Amino acid sequence: MSGTVSYSGVTAIFTPGSPLKPNTVYTATATTGIKDLAGNPLLSPYVWTFTTGAAVDTTPPTVSFTSPPNGALQVTTSSNVAASFSEPMNPLTLNTATFLLTQGGVRVAGTVTSSGSSATFIPTVNLAPNTTYTAVITNVAADLAGNALGSTYQWTFTTGTGAELMPVCLANFAILSGAGVVATGQNVITGDIGVSPGTLISGFPPGTIIGAMHAADAIAAAAMVDVAAGYLDAFARSVGPVAISGDIGGRTFTPGLYKAASSVTITSGDVTLDAKGNANAVFIFQVASSIGLSPGRKILLTGGAQTFNVFWQVGTSASLGAASTFQGNILANQSITVDTGATVFGRLLAKTGTVTLQASVVTSPAPYIAVGGIFNAASWSRPVAPGSIAAVFGNNFGSSVAAASSYPLPTTLGGATIRVGAQAVPLFMTACNQMNLQIPWEAVPQTQVPVTVSVGGQTSIQQTATVVPFAPGIFSVNMLGSGQAMAQIWPSIQLAAPAGPLGRPVIRGEYIIIFGTGLGTVSNQPTNGAPALSNPLSFTPTLPIVMVGGVAAKVTYSGLAPGFAGLYQVNAVIPLTAPAGPIVELVLTMGGIVSNVVTIAVQ
């Protein structure tokens, strides 16, 4: 039949001149006249067939939701702009001509990517702070059947001030020094104390440490490496700094990056850090020389500001006066001095010099689990299931990325331990703001389970995880729970993906192995953190329902993937009537619960 051919990258699309007939078998052929950029033709014609459905799709797609949502405030300036649609879209109709971002009527430069039923506008540079933007998707955007949006869709949002700053990863110590820690009087330290490569820690007793002491050991040495990395990170921040100088006492600062070319003092009044209601707001102060907090002066946090998100990078040394109150984390290139009666909520980290204390109180920030911050690690949804892989988000989990290297998985990693109920659970990975873990099998009969994190001698406030029998999730290549699925073509290790480095399209009738988590209890259940066996296998009591492009697939195995903890695999046959294409939706249902939607390529 007649039609036109369009081409983009490695994808060619034939657009029929008239609608296809319902309930009809069609044959498509790619001839040897097709050549690559080097002039090499196809080795042989490629032929495939497909059958149309009972009726022509004439329903226009709609925009289901957007990120940021319409009217959102305090949006981070590093954000991308995304939209989800009611059905898979034609990727050739989503580009910078049909999905655009404007500010004051002027287009913002960027690129557009799309996959399945979602599209993302990625600005070339960060958005401006305190600015209102309008996102537009025109009615040229169309679904795979050629149905365009019923009308142009637009929404607005407003950026914040500096909330785009990411926290600086710090060593989980209350006090850490390259030269020594010298304390006189009744100092009270909550958190760990360390020194490396120096060896001197004095004054405990009579001072009190609610934590551990590390003098020139491997833990302190590793932590000093993290201090150096954190200092460099804070020093290197460069987007939109606000200049400060001299005495900054009496001023109020909103989230953002502040830079002083020399020394800074807080003398004429207290300093207030106002997060404006954004509990994730970050404040970074870059001080080229020294910082001095005068006796009795205070740094105050308001508007939801958090101690662990305040960073003072100091080029030389810091001094905190008697009876003063300091909030935040000091990363000093040289030394830190804390006078009699001063109170510090934060960390004192000195790269090369000594930390000197006189009858002071230092309280390191405790680890913090974000409210609602416990997710299925495959689908990025809640709740979670026994035995599954989960991700917990928050702050102060670790100063650098630590990953388990062998089985059984450890219950302490990077100095961090997480408990589900009273049970320390196996850990895959820990980082500054994320921990990946296995939900214990013993959580089966529970629905609301307390979760806490302990790091550096401190324990977080308890949050709650909802545990249900089934919480199916399919892993994706981007690890975001969307787009290309982690689905291998059996018996190879190639993914069922568009032809390229990841794999090739799966042929109808071939088997795929779908990797996921959260499919519930199994036979031959391994212990927590131990890998599943290949003999005997660990089966789920029932088989999930697998849908490929809306067509049910035959499932031949469902259970734990041998050699892994918490990872499930589902073996399924691609239906002979499954639709073909580079972005065919894949979804599974277990116990009546539907997984996230990912995609595979079907030939």
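Calculation rules
Residues numbered from 1 in each chain as written. Predicted model: local features only at pLDDT ≥ 70, side-chain atom pairs only at ≥ 80, totals over all residues. Heavy atoms only, no water. Helix = DSSP H or I, 4+ residues; strand = E, 2+ residues; numbered from the N terminus. Contact = heavy atoms within 4.5 Å. Lys, Arg positive; Asp, Glu negative; His and termini not counted. Charge placed at Lys NZ, Arg CZ, Asp CG, Glu CD. Core = buried A, V, L, I, M, F, W, Y, C linked by side-chain atoms within 4.5 Å. Buried < 20%, exposed > 50% of the residue type's maximum accessible area, 1.4 Å probe, protein only. Pairing = 2+ DSSP bridges. Salt bridge = Lys/Arg side-chain N within 4 Å of Asp/Glu carboxyl O. Axes fitted to C-alpha atoms, helices over the stretch in contact; angles between N-to-C directions. Disulfide = S-S within 2.5 Å. Patch = residues over 30% accessible without salt bridge, like charges linked within 9 Å, V, L, I, M, F, W, Y side chains within 5 Å. Areas by Shrake-Rupley, 256 points an atom, 1.4 Å probe, with all protein chains shown as cover. Phe/Tyr/Trp six-rings, centres within 6.5 Å; stacked < 30°, edge-to-face > 60°. Expected span 1.5 Å × (residues − 1). Arc of directions from axis to C-beta. Polar contact = N/O pair within 3.5 Å; in protein donor to acceptor, adjacent residues only side chain to side chain.

Asker: Account for the overall build of the chain, with residues named and values stated.
Answerer: Each helix and strand counted, the chain has one helix and 58 strands in total. Each principal axis of the C-alpha atoms in the chain carries an extent, and together these give about 90 × 65 × 45 Å. Pairs at least 24 apart in sequence give 57% of the contacts found in the chain among residues at least 6 apart. Each charge class in the chain can be summarised by its mean position, and for the 16 positive and 16 negative side chains these summaries are 4 Å apart.

Asker: Describe the nonpolar core, listing the residues and the values that go with them.
Answerer: Counting 44 residues, the largest nonpolar core has Ile-175, Ile-330, Ile-336, Leu-348 and Leu-357 as the members making the most contacts within it. In terms of residues, this core owes the most to one element, strand 23 (residues 256–266), which gives four residues. Not counting chain neighbours up to four residues away, the residues in contact with Ile-336 comprise Ala-318, Ile-330, Leu-348, Leu-349, Ala-350, Thr-354, Val-355 and Thr-356.

Asker: Help me get a handle on the pairing of strand 3 (residues 25–30), residues and values and all.
Answerer: Of the two faces of strand 3, the one lined by Tyr-26, Ala-28 and Ala-30 is fully buried and the one lined by Val-25, Thr-27 and Thr-29 carries no buried residue. Here strand 3 pairs with strand 4 (residues 46–51) via six bridges, running antiparallel. Counterpart to Ala-28 in the pairing with strand 4 is Trp-48.

Asker: Talk me through the environment of Val-468; I want residue IDs and the actual numbers.
Answerer: By the element assignment, Val-468 lies in the loop between strand 47 (463–466) and strand 48 (473–474). Judged by its relative accessible area of 22%, Val-468 is partly exposed. Along the sequence, Val-468 and Thr-32 sit 436 residues apart, while their C-alpha atoms lie 54 Å from each other. If near-sequence neighbours (up to four positions away) are discounted, Val-468 is found in contact with Pro-383, Val-384, Ala-385 and Pro-386.

Asker: Tell me about the pattern of salt bridges, residues and numbers included.
Answerer: Going through the model one piece at a time under the given rule, you end up with four salt bridges. For Lys-276, the salt bridge goes to Asp-274, with nearest N and O atoms at 3.6 Å. Among the residues examined, Asp-274 registers a relative accessible area of 16% and is labelled buried.

Asker: Let's hear about the sheet that holds strand 11 (residues 118–123): which residues, and what values?
Answerer: Reading across from one edge, 5-7-11-10 is the order of the four strands in this open sheet, with antiparallel pairing throughout. Of all strands in the sheet, those bounded by a partner on one side alone are strand 5 (63–67) and strand 10 (110–115). On average, each strand axis in the sheet is tilted by 15° relative to the strand beside it, whichever way the strands run. Relative to strand 11, strand 7 (residues 81–85) is paired through four bridges, and the arrangement is antiparallel. The partner of Ser-84 across the bridge, within strand 11, is Ser-118.

Asker: For the state of the cysteines, give the residues involved together with the corresponding values.
Answerer: A covalent bond between the sulfur atoms of two cysteines is what we call a disulfide. Summed over the entire model, instances satisfying the criterion amount to one disulfide. Paired by a disulfide, Cys-169 and Cys-432 hold their sulfur atoms 1.7 Å apart. Linking Cys-169 in the loop between strand 13 (153–159) and strand 14 (175–177) with Cys-432 in the loop between strand 43 (427–430) and strand 44 (434–438), this pair joins segments that are 263 residues apart in sequence. Residue Cys-432 is classed as buried on the basis of its relative accessible area, which comes to 15%.

Asker: Lay out a nonpolar patch on the surface with the relevant residues and their values.
Answerer: Taken together, the side chains of Met-1, Val-5 and Phe-14 present a nonpolar region at the surface, about 330 Å² in accessible area. Counting through the fold element by element, Met-1 comes out in the segment before strand 1 (3–8). For Met-1, a relative accessible area of 55% translates into the label exposed.

Asker: With reference to specific residues and values, describe the environment of Ser-44.
Answerer: For Ser-44, the location among the structural elements is in the loop between strand 3 and strand 4. In this structure, the C-alpha to C-alpha distance between Ser-44 and Ser-492, residues 448 residues apart in sequence, is 24 Å.

Asker: Can you explain the sheet that holds strand 30 (residues 325–327)? Please cite residues and give values.
Answerer: Read across the open sheet, the five strands follow the order 19-16-36-33-30; overall the sheet is parallel. Each edge of the open sheet is held by one strand with a lone partner, namely strand 19 (208–210) and strand 30. Sheet twist, expressed as the average angle between the axes of neighbouring strands with direction ignored, equals 10°. Where strand 16 (residues 188–190) and strand 19 come together, three bridges link them in parallel fashion. Looking at strand 19, one finds that Val-188 is bridged to Thr-208.

Asker: If you had to explain the packing of aromatic side chains to someone new, which residues and values would you point to?
Answerer: In the structure shown here, the tally under the stated rule is 16 aromatic pairs. Each ring, one from Tyr-26 and one from Phe-50, has its centre 5.8 Å from the other, and the planes form 20°; the classification is stacked. One end of the pair, Tyr-26, is in strand 3; the other, Phe-50, is in strand 4, and 24 residues separate them in sequence. Since its relative accessible area comes to 30%, Phe-50 is described here as partly exposed. Where Trp-312 meets Phe-326, the ring centres are 5.5 Å apart and the plane angle is 50°; that geometry is what we call tilted.

Asker: Account for the pairing of strand 10, naming residues and giving values.
Answerer: Sheet analysis places strand 10 next to strand 11, joined by six bridges and oriented antiparallel. Among the inter-strand pairings, Ser-115 is bridged to a residue of strand 11, identified as Ser-118. Taking the residues between adjacent antiparallel strands as the criterion, strand 10 and strand 11 are bridged by two residues, where Gly-116 takes a positive phi near 60°.

Asker: Just give me the short version of the side chain of Thr-138, but keep the residues and values in it.
Answerer: The topology assignment puts Thr-138 in the loop between strand 12 (132–137) and strand 13. Every residue in contact with Thr-138, bar those within four places of it in the chain, is listed here: Ala-97, Thr-98, Leu-100, Leu-149 and Thr-152.

Asker: Before we move on, can you summarise helix 1 (residues 218–236) with the specific residues and values?
Answerer: Taking 1.5 Å of rise per residue, 19 residues should cover 27 Å, and helix 1 covers 27 Å from first to last C-alpha, within 8% of that figure. Buried residues of helix 1: Ala-220, Ala-223, Met-224, Asp-226, Val-227, Gly-230, Tyr-231 and Ala-234, and no others. One side of helix 1 holds all its buried residues, which, seen down the axis, span an arc of 165°. Exposed and oriented more than 90 degrees from the buried face of helix 1 are Ala-218, Val-225 and Leu-232. N-capping of helix 1 is provided by Asp-217, with a side-chain oxygen placed 3.3 Å from the backbone N of Ile-219.

Asker: Any details on unusual backbone geometry? Residues and values, ideally.
Answerer: Apart from glycine, the bulk of residues carry a negative phi angle, and the bulk of peptide bonds sit in the trans form. A cis geometry characterises the amide bond from Phe-204 onward to Pro-205, with omega recorded as 0°. Look at the link from Trp-490 to Pro-491: it is a cis peptide, with omega at 5°. In this structure, Pro-491 sits in the loop between strand 49 (487–489) and strand 50 (495–496). One non-glycine residue, Ala-216, lies in the positive phi region at around 55°. Structurally, Ala-216 is set in the loop between strand 20 (213–215) and helix 1. The residue Ala-359 is not glycine, and still its phi comes out positive at about 45°. Mapped onto the elements of the fold, Ala-359 is located in the loop between strand 35 (354–358) and strand 36 (361–363).

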